[in-house]
Amino acid sequence: MAFLADALSRVKPSATIAVSQKARELKAKGRDVIGLGAGEPDFDTPDNIKQAAIEAINRGETKYTPVSGIPELREAIAKKFKRENNLDYTAAQTIVGTGGKQILFNAFMATMNPGDEVVIPAPYWVSYPEMVSICGGTPVFVEATQANNFKLTAEDLDKAITPKTKWFIFNSPSNPSGAAYSHDELKALTDVLLKHPHVWVLTDDMYEHLTYGDFKFATPVEVEPKLYERTLTMNGVSKAYAMTGWRIGYAAGPLPLIKAMDMIQGQQTSGACSIAQWAAVEALNGTQDFIPENKKIFEGRRDLVVSMLNQATGIECPSPEGAFYVYPSCKGLIGKTAPTGKVIETDEDFVSELLESEGVAVVHGSAFGLGPNFRISYATSEALLEEACKRIQRFCAACK
């Protein structure tokens with residue numbers, strides 16, 4: 001009898017966490033490493049949010065909370081959806097989890113049976129297919145090509161749906177590509193979903209507030225209200241509010257699904273950290289003035305990185321609409337020889353050789369299901385980004 005579960009044979013470690021860990025280990029050994037693998041803002045949590053947490057501690061808000069979240073936070077979530085997305089949810093239709101990951105995982109655990117399929121556009125966040133596999137489902141990947149700006153077409157979505165499809169995962173702006181769907185682009189997908197009433201929609205809106213220029217964010221149910229009864233809209237405070245370590249994600253959806261997720265969470269972690277929940281209340285209800293300021297900084301970083309990468313030999317880098325990632329192609333380097341003498345055959349070879357030669361840690365695109373590309377997080381200072389891009393240019397020029 002095997003000790004470890006068979007399900008683990010279907011799961012791979014997180015490539016993004018592995019890259020960050022590798023960078024930390026090399027730094028600890030004295031290497032000059034610039035880590036561009038982490039998907040978190042470099043900004044500190046705003047002072048008003050930190051103060052709300054301190055006040056909650058001083059008030060003694062340190063006991064267990066209801067499984068689905070404190071009433072104040074669930075009310076704030078419902079108001080947020082109405083205010084920003086024009087979606088009507090009661091507090092009872094919301095749930096708070098220990099990060100967005102738990103929300104997604106519990107939704108799959110509550111609904112997935114063996115043989116159920118989940119349509120996932122590629123490139124995708126590394127955890128989507130692993131969560132599906134752990135919960136007994138089957139990931140079905142559909143390429144959103146660089147030629148189409150990493151956006152899924154309605155025709156390709158329609159082809160991927162079968163009688164076994166249970167969920168369609170939608171993420172805009174996207175991790176890893178930064179691609180974001182306009183209202184019209186999203187409407188083309190929701191029109192397809194209306195033709196398939198058995199398919200549920202899980203929309204990951206974590207990067208909602210990080211879009212640039214005159215781009216206007218939209219979420220599926222806002223575009224097509226007829227999907228209301230079969231959509232779970234997930235969000236959180238991690239990215240826009242610089243609260244990754246506070247571990248608060250949330251969602252709203254049909255009451256039967258929320259109740260099922262609550263039951264699982266009640267036997268799993270119970271309620272999220274009480275202090276983090278009170279901080280999240282302030283994040284959603286308090287001032288939002290810092291968000292456009294941070295967006296402006298991110299947009300400047302994006303423009304710097306895109307410009308410098310497009311000056312590197314063999315690299316092609318589209319300019320994304322949102323998030324804080326770029327997803328350049330390294331196709332022009334495939335088949336060339338790195339300074340170490342190794343032939344670059346894959347995007348994984350490219351990022352490995354880049355780290356070895358120049359001390360720049362990025363994540364290979366094949367980990368996200370589409371290559372030969374690599375992901376850079378530009379959630380760090382312009383000085384570090386400029387130095388990293390100079391190193392990438394130097395490495396690419398040295399490949400023969």
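Residues numbered from 1 in each chain as written. Predicted model: local features only at pLDDT ≥ 70, side-chain atom pairs only at ≥ 80, totals over all residues. Heavy atoms only, no water.

You'll find the protein chain entered in an unreviewed UniProt entry as Aminotransferase, with Rhizobium quercicola given as the organism. Heading Cofactor (unreviewed entry) of the UniProt record for the protein chain holds this comment: "pyridoxal 5'-phosphate". Heading Catalytic activity (unreviewed entry) of the UniProt record for the protein chain holds this comment: "L-aspartate + 2-oxoglutarate = oxaloacetate + L-glutamate". (UniProt positions renumbered as here; feature names shortened; annotations may be inferred.)

J.: It is not clear to me how the sheet that holds strand β6 (residues 200-204) should be interpreted in this structure. Could you clarify?
T.: Either a parallel or an antiparallel arrangement is found when strands of a sheet pair, and the pairing is made through backbone hydrogen bonds. Pairing is mixed in the open sheet, where 7 strands are placed in the order β2-β8-β7-β6-β5-β3-β4. Strand pairing shows two members of the sheet lacking a second neighbour, β2 (94-97) and β4 (138-143), which therefore form its edges. Taken pair by pair, the neighbouring strands of this sheet meet at an average axis angle of 20°, ignoring direction. Bridge count for strand β7 (residues 231-236) against strand β8 (residues 249-252) is 4 bridges, and the pairing is antiparallel. By the bridge assignment, Met-234 is partnered in β8 with Ala-251. (Pairing = 2+ DSSP bridges. Helix = DSSP H or I, 4+ residues; strand = E, 2+ residues; numbered from the N terminus. Axes fitted to C-alpha atoms, helices over the stretch in contact; angles between N-to-C directions.)

J.: It is not clear to me how the side chain of Asn-171 should be interpreted in this structure. Could you clarify?
T.: With respect to the helices and strands, Asn-171 occurs in strand β5 (residues 165-171). Reaching out from Asn-171, the side chain makes a polar contact with the backbone oxygen of Pro-173 at a distance of 3.2 Å. In this structure the side chain of Asn-171 is engaged in a polar contact, spanning 3.0 Å, whose partner is the backbone nitrogen of Asn-175. (Polar contact = N/O pair within 3.5 Å; in protein donor to acceptor, adjacent residues only side chain to side chain.)

J.: What exactly am I supposed to notice about the pairing of β7 here?
T.: Each regular strand displays side chains that alternate between the two surfaces of the sheet. Most of β7 sits inside the fold, with 6 of its 6 residues counted as buried. Where burial is concerned, the two faces of β7 agree: the one with Thr-231, Thr-233 and Asn-235 and the one with Leu-232, Met-234 and Gly-236 are both buried. Sheet topology places β6 next to β7; 4 bridges connect them, and they run parallel. When the sheet's bridge partners are listed, Thr-203 is paired in β7 with Thr-233. (Buried < 20%, exposed > 50% of the residue type's maximum accessible area, 1.4 Å probe, protein only.)

J.: It is not clear to me how the pattern of salt bridges should be interpreted in this structure. Could you clarify?
T.: Any two side chains of opposite charge can pair, so long as their charged atoms come close to each other. All chains considered together, the criterion is met by 22 salt bridges. Between Asp-32 and Arg-391 there is a salt bridge; the shortest N-O distance is 2.6 Å. Residue Asp-32 is located in the loop between α1 (15-28) and β1 (34-35), and its partner Arg-391 is located in helix α13 (residues 382-398); the two are separated by 359 residues in the primary sequence. The exposure class assigned to Asp-32 is exposed, which follows from its relative accessible area of 52%. (Salt bridge = Lys/Arg side-chain N within 4 Å of Asp/Glu carboxyl O.)

J.: Looking at this model, I keep getting lost on the packing of aromatic side chains. Mind explaining?
T.: Here the distance between the centres and the angle between the planes together describe a pair of aromatic rings. The final tally for this structure, using the stated rule, is 20 aromatic pairs. Both rings, one in Phe-298 and one in Tyr-378, keep their centres 6.4 Å apart while their planes meet at 70°; by these two values the pair is edge-to-face. Taken together, the residues Phe-298 in helix α11 (residues 290-309) and Tyr-378 in the loop between β12 (374-377) and α13 connect sequence positions 80 residues apart. Looking at Tyr-378, the relative accessible area reads 0%, which means it is buried. Connected via pairs of aromatic rings, a cluster forms that spans Phe-43, Tyr-207, Phe-298, Phe-324, Tyr-325 and Tyr-378. Stacked on the ring of Trp-278, the Lys or Arg Arg-59 has its end atom at 4.8 Å from the ring centre. (Phe/Tyr/Trp six-rings, centres within 6.5 Å; stacked < 30°, edge-to-face > 60°. Lys NZ or Arg CZ within 6 Å of the ring centre and 35° of its normal.)

J.: How should I be thinking about the side chain of His-209 in this particular structure?
T.: Residue position: His-209 is located in the loop between β6 and α8 (220-223). Among the polar contacts listed, one links the side chain of His-209 to the side chain of Glu-84, at a separation of 3.1 Å. Contacts of His-209, omitting those with residues within four sequence positions, involve Glu-84, Ala-240, Tyr-241, Ile-291 and Lys-295. (Contact = heavy atoms within 4.5 Å.)

J.: For this particular structure, what's the right way to read the pairing of β6?
T.: The buried fraction of β6 amounts to 4 of the 5 residues, a majority that puts the element mostly inside the structure. Bridging between β5 and β6 involves 5 bridges; their strand directions are parallel. Within β6, the position partnered with Phe-170 by the bridge is Thr-203. Between the parallel pair β5 and β6, the chain is carried across by helix α7 (residues 183-194), and the sense of this crossover is right-handed. (Right-handed = clockwise from strand over helix to strand, strands pointing away.)

J.: Would you mind going over the nonpolar core with me for this structure?
T.: Across soluble globular proteins, nonpolar side chains show a tendency to be buried alongside one another. Counting residues in each nonpolar core, the largest one holds 79 residues, and the members touching the most others are Phe-108, Leu-232, Leu-309, Ile-315 and Phe-350. Among the elements that make up this core, the one with the highest residue count is α13 (6 residues). Contacts of Ile-315, omitting those with residues within four sequence positions, involve Leu-309, Asn-310, Pro-328, Ser-329, Cys-330, Leu-333, Phe-350, Phe-374 and Cys-396. Counting residues in hydrophobic clusters, the runner-up holds 31 residues, among them Ile-70, Ile-248, Val-281 and Ala-283. (Core = buried A, V, L, I, M, F, W, Y, C linked by side-chain atoms within 4.5 Å.)

J.: In this structure, what is going on with unusual backbone geometry? I would like to understand it.
T.: Of all residues except glycine, most have a negative phi; of all peptide bonds, most are trans. Of the consecutive residues Ala-122 and Pro-123, the connecting peptide bond is found in the cis state with omega at 10°. Structurally, Pro-123 can be placed in the loop between β3 (117-122) and α5 (127-134). The omega torsion of the bond from Gly-371 to Pro-372 falls at 5°, within 30 degrees of zero and hence cis. Backbone geometry places Asn-149, a non-glycine residue, at a positive phi of 60°. Relative to the assigned elements, Asn-149 resides in the loop between β4 and α6 (154-160). Exposure remark for Asn-149: the relative accessible area of 45% places this residue in the partly exposed category. Although it is not a glycine, Ala-242 sits at a positive phi angle of roughly 55°. Within the fold, Ala-242 resides in the loop between β7 and β8.

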